[in-house]
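# Fold and geometry: a report
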Amino acid sequence: MQHRIIVLGAGYTGALAAGRLAKRLHREDAAITLVNAEPDFVERVRMHQLATGQDLKPRPFSEMFAGTGVELKLAKVTGLDADRKTVTVADVNGAGVEELPYDTLVYALGSGWNSQGVPGTAEHAYEIAGRSGALRLRERLARLDAGQTVVVVGGGLTGLEAATEIAEARPDLDVTLAVDGVLGDWLSPKGRAHLRKVIGTLGITVHENTAVTGVEADRVTTADGTAIPAAVTVWATGFAVHPIVRATTLEVTGTGQIVVDATMRSVSHPDVYAVGDAAMAMGPGNKPLRMSCASGTLAAWQAAEAIAARLTGGKLPNVPIRYVNQCISLGRRNGLIQYVTADDRAVGAVLTGRLAAVYKELVCKGAAWGVANPTFGLPVRRRRVTVTPAAAGSAVKATA
């Protein structure tokens, strides 16, 4: 009987985990099903580009997983019973609802935009956490007349990339950035200086130490009562995980992330692994890994290797996940690479300008290539499953 592995979500982490498991396990022993609501891989790190009218290269899963043995199921996840070990999905083509049993589950549903509970965001704000949101913003930006104002709320990586991309693509618009704090306060002095220089060159107005407390159709309101005109408001204040696990018996954090160990295995349900934004994993310095492609892809690698090891009697991986840099696009012709410590604190070294933009583009291309080539193009030997599903979900045990 085949060991049933279900992977929920085919973003960077889910698709990578599914592909790597297919390369590690013998097809006769493991049935790998990848559940996703879309037929194509979405390069989430490029949503600001999509929103400004750029066309992205299509990456259909039918081609990505051709010949791998991974079965793609186009469906939306509607329920998870971690005790019965079943997932409920609704077919995207209207074929109905189905319950899928699993022996091992990889939860990679990721995250979406976070309204932070601010009134008016759901009704009036635009987001770029996914393709549908980016396309909606794209259509709206295309209808804006010269001189109209776009307000981007949020000074993190997503907000900075959105504001600079829009300002570069549409210099006829008045782009404003509202930051709840100091612009680039987590960067090194050199990084902050370059960011301010580019922001100024692009003509972006910055409101620092500004908390947006309300969004209306034509303005945003700040905590001190100031109204900032906004024909379009782009909300980029962070991410919130998929809410589905809150209704399960899985151990989760207050933010709804699944608590996992160093191998990305649930601390409450040993047959469940969580990767990417959906997981609460500890990194260097005993600090939680932030929601990012940088840590998510490494977590997916760790989870796939751990699952394969436990099923085949191999040695558990023990590779610490650490940070090297933060890559920020500042339009198509400029960028900022902030080098960081292992636990993600900025150091003095930075890479800026056109060279940084090329670096960031190579990183984006490399991430997409890595999903399609989960073993980096190197030949691998598929191993036979030697343990029963019950044993695979037992206590953690490393073997030589």
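What you see is a predicted model, and the numbers here were worked out from it, not measured in a lab.

For the rest of this paragraph, the subject is the nonpolar core. Residues I5 and Y107 are the most contacted members of the largest nonpolar core, which totals 64 residues. Tallying contributions element by element places helix 8 (residues 293-312) first for this core, with nine residues. Beyond its immediate sequence surroundings of up to four residues, I5 is in contact with L21, L25, A30, A31, I32, T33, T104, I307 and L311. Formed by 32 residues, the second largest nonpolar core is a distinct cluster that contains V42, L50, L144 and L195.

Looking now at helix 6 (residues 157-169). Its 13 residues place the ends of helix 6 18 Å apart at the C-alpha level, agreeing with the 18 Å of an ideal helix rising 1.5 Å per residue. Considered for burial, the residues of helix 6 that qualify are G159, L160, E161, A162, A163, T164, E165, I166, A167 and E168.

Moving on, we get to the packing of helix 1 (residues 12-24) against helix 9 (residues 353-372). At a minimum axis separation of 8 Å, helix 1 and helix 9 run at an interaxial angle of 35 degrees. For the pair formed by helix 1 and helix 9, the contact residues are Y12, A15 and L16 on the first element and A367, A368, G370 and V371 on the second. For the contact of helix 1 with helix 9, the per-class residue count stands at six nonpolar, one polar and no charged.

Here E305 is to be found in helix 8. Apart from the residues lying within four places of it in its own chain, the contact partners of E305 are R20, R24, P317 and R383.

Looking at where F65 falls in the secondary structure, it is placed in the loop between helix 3 (61-64) and strand 3 (71-81). You can call F65 buried: its relative accessible area is 6%. With twelve residues separating them in the primary sequence, F65 and V77 have C-alpha atoms 21 Å apart.

Contact pair helix 1 / helix 8: the axes reach a minimum separation of 8 Å and the direction vectors enclose 30 degrees. Classified by the angle between their axes, helix 1 and helix 8 sit roughly parallel to one another. Every pair of crossing elements has a handedness; the one defined by helix 1 and helix 8 is right-handed. Each of Y12, T13, L16, A17, R20, L21 and R24 in helix 1 lies in contact with helix 8, whose residues at this interface are C293, G296, T297, A300, W301, A304, E305, I307 and A308. In terms of residue class, the contact of helix 1 with helix 8 is made up of ten nonpolar, three polar and three charged.

Let's shift gears to the side chain of Q49. Tracing the backbone through its elements, the reader meets Q49 in helix 2 (residues 47-51). For Q49, a relative accessible area of 6% puts it in the buried group. In contact with Q49, other than residues within four places in its own chain, are Q54, L56, E165 and R332.

In space, the five strands of this open sheet follow the order 8-15-9-10-11, with parallel pairing throughout. Strand pairing shows two members of the sheet lacking a second neighbour, strand 8 (125-126) and strand 11 (205-207), which therefore form its edges. Bridging between strand 9 (residues 149-153) and strand 15 (residues 232-235) involves four bridges; their strand directions are parallel. Within strand 15, the residue paired with V152 across the bridge is V234.

Before going further, it helps to spend a moment on the pattern of salt bridges. For the structure shown, the criterion picks out 25 salt bridges. Taking the shortest distance from any N to any O, the salt bridge between E38 and R131 comes out at 2.5 Å. In this pair, E38 sits in the loop between strand 2 (30-36) and helix 2 while R131 sits in helix 5 (residues 131-142), placing the two residues 93 residues apart along the sequence. A relative accessible area of 22% places R131 in the partly exposed class. Across the pair R84 and E99 runs a salt bridge whose closest N-O atoms are separated by 3.0 Å. Of this pair, R84 sits in the loop between strand 3 and strand 4 (86-91) while E99 sits in strand 5 (residues 97-101), placing them 15 residues apart in sequence. Overall, the relative accessible area of 41% leaves E99 in the partly exposed class. Overlapping salt bridges bring together E43, R46, R59, E165, R332 and E361 as one network.

Throughout the structure, instances matching the rule amount to three aromatic pairs. Seen in terms of ring centroids, Y12 and F41 are 5.0 Å apart; in terms of plane orientation they differ by 90 degrees. Their pairing is edge-to-face. Note that Y12 is positioned in helix 1 and F41 in the loop between strand 2 and helix 2, a separation of 29 residues in sequence. Of the two residues, Y12 and F41, both sit in the buried class. A centroid spacing of 5.9 Å and a plane angle of 25 degrees characterise the contact between F61 and F65, whose relative ring orientation is stacked. For the pair shown, F61 and F65 are each scored as buried. Above the face of the Y126 ring, R136 is positioned so that its terminal group lies 4.1 Å from the ring centre.

Conventions we followed
- Residues numbered from 1 in each chain as written.
- Predicted model: local features only at pLDDT ≥ 70, side-chain atom pairs only at ≥ 80, totals over all residues.
- Heavy atoms only, no water.
- Core = buried A, V, L, I, M, F, W, Y, C linked by side-chain atoms within 4.5 Å.
- Buried < 20%, exposed > 50% of the residue type's maximum accessible area, 1.4 Å probe, protein only.
- Helix = DSSP H or I, 4+ residues; strand = E, 2+ residues; numbered from the N terminus.
- Contact = heavy atoms within 4.5 Å.
- Expected span 1.5 Å × (residues − 1).
- Axes fitted to C-alpha atoms, helices over the stretch in contact; angles between N-to-C directions.
- Nonpolar A, V, L, I, M, F, W, Y, C, P; charged D, E, K, R; others polar.
- Parallel < 35°, antiparallel > 145°, perpendicular 65-115°, else oblique.
- Left-handed = near helix turned anticlockwise from the far one by under 90°.
- Pairing = 2+ DSSP bridges.
- Salt bridge = Lys/Arg side-chain N within 4 Å of Asp/Glu carboxyl O.
- Phe/Tyr/Trp six-rings, centres within 6.5 Å; stacked < 30°, edge-to-face > 60°.
- Lys NZ or Arg CZ within 6 Å of the ring centre and 35° of its normal.

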